[in-house]
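# Results of the structural survey
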Amino acid sequence: TACIEKRDTLGGTCLNVGCIPSKAMLNNSHLYHEAKHNFAKRGIDVGEVKLNLAQLLADKDKAVTGLTRGIEMLFKKNKVDWIKGAGTLKSATEIEVALNDGGAQTVAAKNIIIATGSEPSPFPGFEIDEKQIITSTGALALEKVPEKMIVIGGGVIGLELGSVWSRLGAEVTVVEYLPAIGAGMDAELAKAFQRSLTKQGIKFKTSTKVVSSEKKDGKVVVSVEGAKNGKQESLTADVVLLSVGRRPYTEGLGLENAGVKVDAKGRIEMADEQFRTAVSSIRVIGDVTMGPMLAHKAEEEGIAAVEHITNGHGHVNYNVIPSVIYTHPEVAWVGKNEQQLKEEGIKYKVGSFPFAANSRAKTIDDAEGLVKIITDAETDRILGAHIIGPNAGEMIAEACLAMEYGGSAEDVARTCHAHPTMSEAFKEACMAAYSKPIHF
């Protein structure tokens, strides 16, 4: 088994410039914000709290280095060869690698898996320099806290990184074309989420179209207009973060040489449930093909694809792929939301429970948010779970497990949950879905 990777470190986007470094910065910026604004009321006097941005970034890099080296160790443990270079398909079974150290190498393989991931989508009228006009990659390495930052796109990436720099002292404005933030999020949670971030100081301009940008006097001037009324406005910032989504990365892969097809969005087409492309010897997984661009979705597909190759069986349940936004409060969801069920004509019930009535949340004074469970009106089977609040990203796993095994709200509600824990809010939301909670 061999892996062709042109980066100097393994782990792809997630470990190097995505999930991992952003979570390190989210965690440390949250600790900084807590120390600066909330420690005193908890009886902790620390004097003047100062930001050491260089050390914060170094700590982020330490996390990345540790995990990428961990993958190298796993490669050695499992006898996987790392071919350092950029691969180009020459046929259905041959890949030519332009080696990083110079020269080329031809690799022949009976089975090939394309897992090249994605890259930030460009935006017309904005020239990315990763200093003033940046992508998520640049947002992980700014050398100073900008006075003002404009975030274009109110999705997961923009809200997470906007939160980081807001906590560190930037005045952040999020510009979103749609009427609500958090694309794909349940409407009730999206409203609560925006209220929460607004209280933290982040400004929002929803239903707003970005028209153009201009660098002027060391700043970036962004022209916007109302998506409905066309009202024009100019916004000025030190840094503009483009977070309008990602696109499949297929540059230089030589797909045409092997007969691999892509769709209108540039995604590699998957021909069957075994992850095969139009060419049976070549499979595809992750961001470069259809489905949500999530690292854990790609991981599940990678395991299933290898299982198909080795024993003919593999499965991914795309109805149980969770999404998480690692802000504070966190937001997590899995399965259907109310809007989707209404469109599909499915009768459902809703049970919700606020963290304000959860003893653990109240004890640590972090009780913003709620758990919302949606069930089939006839069978009580859980169809969706939506959480905004502390540890939402961890709590959503219980919903995934229940849904994977076709569990009902009553199944969860009749399962003993430790007290006091945040997870009791999940239990009580399930109780509310089929009967009623006991603490609200």
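Everything here concerns the structure above.
Residues numbered from 1 in each chain as written. Predicted model: local features only at pLDDT ≥ 70, side-chain atom pairs only at ≥ 80, totals over all residues. Heavy atoms only, no water.

## Topic: helix α13 (residues 423-434)
The line we're drawing: For helices the rule is a DSSP run of H or I covering at least 4 residues; for strands it is a run of E covering at least 2, with both sets numbered from the N terminus onward. Helix span, expected: 1.5 Å multiplied by one less than the number of residues in the helix. The cut-offs for exposure are 20% and 50% of the maximum accessible area for each residue type, with area from a 1.4 Å probe on protein chains only; residues under the lower value are buried, those over the upper are exposed, and the others partly exposed.
When the terminal C-alpha atoms of α13 are compared, their 18 Å separation across 12 residues agrees well with the 16 Å that a helix rising 1.5 Å per residue should span. Judged by how many residues are buried, α13 sits mostly within the fold: 10 of 12 residues are covered. Restricting attention to buried positions, one finds in α13 the residues Glu424, Ala425, Phe426, Lys427, Glu428, Ala429, Cys430, Met431, Ala432 and Ala433.

## Considering the sheet that holds strand β12 (residues 219-226)
In plain terms, the rule: Strand pairing is assigned whenever DSSP identifies at least 2 bridges connecting the two strands. In this analysis an axis means a line fitted to C-alpha atoms, helices contributing only their contacting stretch, and an angle means the value between N-to-C directions, from 0 to 180 degrees.
Taken together, the three strands give an open sheet; going across it, the order is β11-β12-β13, and neighbouring strands pair in antiparallel fashion. Two strands in the sheet have a free side with no partner beyond their single neighbour: β11 (208-216) and β13 (232-237). Looking at each pair of strands side by side, their axes are set apart by 25° on average, direction ignored.

## Focus: the pattern of salt bridges
Here is the rule we go by: We define a salt bridge as a contact between a side-chain nitrogen of Lys or Arg and a carboxyl oxygen of Asp or Glu at a distance within 4 Å.
One pass over the structure, following the stated rule, counts 18 salt bridges. Between Lys199 and Glu368 there is a salt bridge, with its nearest N and O atoms 3.7 Å apart. Taken together, the residues span a long stretch of sequence, with Lys199 in helix α6 (residues 187-199) and Glu368 in the loop between α10 (359-363) and β20 (370-376) at a distance of 169 residues. You can call Lys199 exposed: its relative accessible area is 68%.

## Notes on the state of the cysteines
Note the following rule: We call a pair of cysteine sulfur atoms a disulfide when they lie within 2.5 Å.
This model, assessed by the stated rule, comprises zero disulfides. Counting only cysteine sulfurs, Cys430 is the nearest neighbor of Cys416, a cysteine outside any disulfide, at a range of 14 Å.

## So, a nonpolar patch on the surface
Put simply, the rule is: For patch building, the residue pool is restricted to those with more than 30% relative accessible area and no salt bridge; the joining distance is 9 Å between like charges and 5 Å between nonpolar side chains (Val, Leu, Ile, Met, Phe, Trp, Tyr). Note on areas: Shrake-Rupley, 1.4 Å probe, and residue coverage restricted to the protein chains presented here.
A surface patch of nonpolar side chains, about 200 Å² in accessible area, is lined by Ile113, Val306 and Ile309. Within the secondary structure, Ile309 is located in helix α8 (residues 295-311).

## Section: the side chain of Ser213
Selection criterion: Throughout this description, a polar contact denotes any pair of N or O atoms lying within 3.5 Å of each other; where both atoms belong to protein, one of them has to be capable of donating a hydrogen while the other can accept it, and for residues adjacent in sequence the pair is counted only when both atoms sit in side chains. The contact rule is simple, with two residues in contact once any of their heavy atoms fall within 4.5 Å.
Note on placement: Ser213 falls in strand β11. Reaching out from Ser213, the side chain makes a polar contact with the backbone oxygen of Gly125 at a distance of 2.7 Å. Not counting residues within four places of it along the chain, the set of residues in contact with Ser213 comprises Gly125, Phe126, Ile133, Val220, Val221 and Val222.

No statement about biological role is implied by the geometric values presented.
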